[in-house]
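Examining the three-dimensional arrangement
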Amino acid sequence: MATYPIFLCHVWSIEDGMERINSLMADYARKSGTDFQYEFRSVSKDDPVQFLRSNKALIDAIETQMNECCCVVLLAGVYEEYKRWANIEFDAARKLKVPLVLIQAADPKFTSYKEKRAADVIVGWNETELGEAIEKFAKKNKIIK
């Protein structure tokens, strides 16, 4: 049994984001016929580090969580609204060499150039595309056996 520790970008913590991504992942686990397990990691939107004047504490918190993950999953089309967090998450993924899976849930014209450039792979809002991208691009040494 392999468990994929996945870093969820900040945007998933708003509204029903966690339920939506959880539903996609659970559907893939059920439909794939494999023993696909996952666990999500992130920095909480309620974490006090986000309110500090310096980004250093937020960067450290994100890097600490992300370093244990096999990939990062980001929802496309929200860059402008979450620019501060997104830039830190993009930089951390690049620095730690953690692959970034970008989910394009809406029209691709809403996906920013920065999001596209940061992504290792872009998938649609589809459990099979997402699950297969995670399995393909995941850092193998971070998967929990």
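Residues numbered from 1 in each chain as written. Predicted model: local features only at pLDDT ≥ 70, side-chain atom pairs only at ≥ 80, totals over all residues. Heavy atoms only, no water.

Here we come to the overall build of the protein chain. In terms of regular secondary structure, the protein chain is built from five helices and five strands. Starting at the N terminus and walking to the C terminus, you meet the elements of the protein chain as β-α-β-α-β-α-β-α-β-α. By the compact-globule yardstick of 15 Å for 145 residues, the protein chain fits well, its C-alpha radius of gyration being 14 Å. Referenced to the eigenvectors of the C-alpha coordinate spread, the extents of the protein chain come out at roughly 45 × 35 × 25 Å. Counting all 145 residues of the protein chain, 48% fall into the buried class. Sequence-distant contacts in the protein chain: of pairs separated by 6 or more residues, those separated by 24 or more amount to 73%. With the model as given, the accessible surface of the protein chain reaches about 7,700 Å², and the carbon-plus-sulfur share is 49%. In the protein chain, 21 positive and 22 negative side-chain charges are present, and the distance between their average locations comes to 7 Å. (Helix = DSSP H or I, 4+ residues; strand = E, 2+ residues; numbered from the N terminus. Rg over C-alpha atoms; globule rule 2.2 N^0.38 Å. Buried < 20%, exposed > 50% of the residue type's maximum accessible area, 1.4 Å probe, protein only. Contact = heavy atoms within 4.5 Å. Areas by Shrake-Rupley, 256 points an atom, 1.4 Å probe, with all protein chains shown as cover. Lys, Arg positive; Asp, Glu negative; His and termini not counted. Charge placed at Lys NZ, Arg CZ, Asp CG, Glu CD.)

Taken in spatial order, the five strands make up an open sheet running E2-E1-E3-E4-E5, and their pairing is parallel. The open sheet terminates on both sides in strands that have one partner only, identified here as strand E2 (36–41) and strand E5 (121–124). Between one strand axis and the next, the sheet turns through 35° on average, direction left out of account. In this sheet, E2 lies alongside strand E1 (residues 2–8) in parallel orientation, the contact comprising six bridges. The residue of E2 that forms the bridge with Pro5 is Glu39. (Pairing = 2+ DSSP bridges. Axes fitted to C-alpha atoms, helices over the stretch in contact; angles between N-to-C directions.)

It is worth spelling out the nonpolar core at this point. When a protein is soluble and globular, its nonpolar side chains tend to lie buried together. By size, the foremost hydrophobic cluster in this structure holds 27 residues, and its most contacted members are Val43, Leu58, Ile62, Met66, Val72, Leu74 and Leu100. Those elements that provide at least two residues to this core are helix H2 (56–66), strand E3 (71–75), helix H3 (83–96) and strand E4 (100–104). With seven residues, the top contributor of residues to this core is H3. The residues contacting Met66, other than those within four sequence positions of it, are Phe7, Val72, Glu89, Ala92, Ala93, Leu96 and Val98. Ile21, Cys70, Cys71 and Ile143 belong to the second largest nonpolar core, which has 21 residues in total. (Core = buried A, V, L, I, M, F, W, Y, C linked by side-chain atoms within 4.5 Å.)

Time to look at the confidence of the model for the protein chain. Looking at the protein chain, pLDDT values average 85 and 93% of them are 70 or higher. Highest mean pLDDT in the protein chain belongs to E5 (94); lowest belongs to helix H1 (residues 17–32) (86). (pLDDT = per-residue confidence, 0-100.)

Now for the pairing of E1. Counting buried positions along E1 gives seven out of seven residues, so the element sits mostly inside the fold. Burial of the side chains of E1 extends over both faces: Ala2, Tyr4, Ile6 and Leu8 are buried on one face and Thr3, Pro5 and Phe7 on the other.

A separate point is the environment of Val121. Take Val121: it is sitting in strand E5. For Val121, a relative accessible area of 17% corresponds to the buried category. Sequence separation of Val121 and Asp35 is 86 residues, and the distance between their C-alpha atoms is 23 Å. Aside from chain neighbours lying at most four places away, what touches Val121 is Leu100, Val101, Leu102, Ala133 and Phe137.

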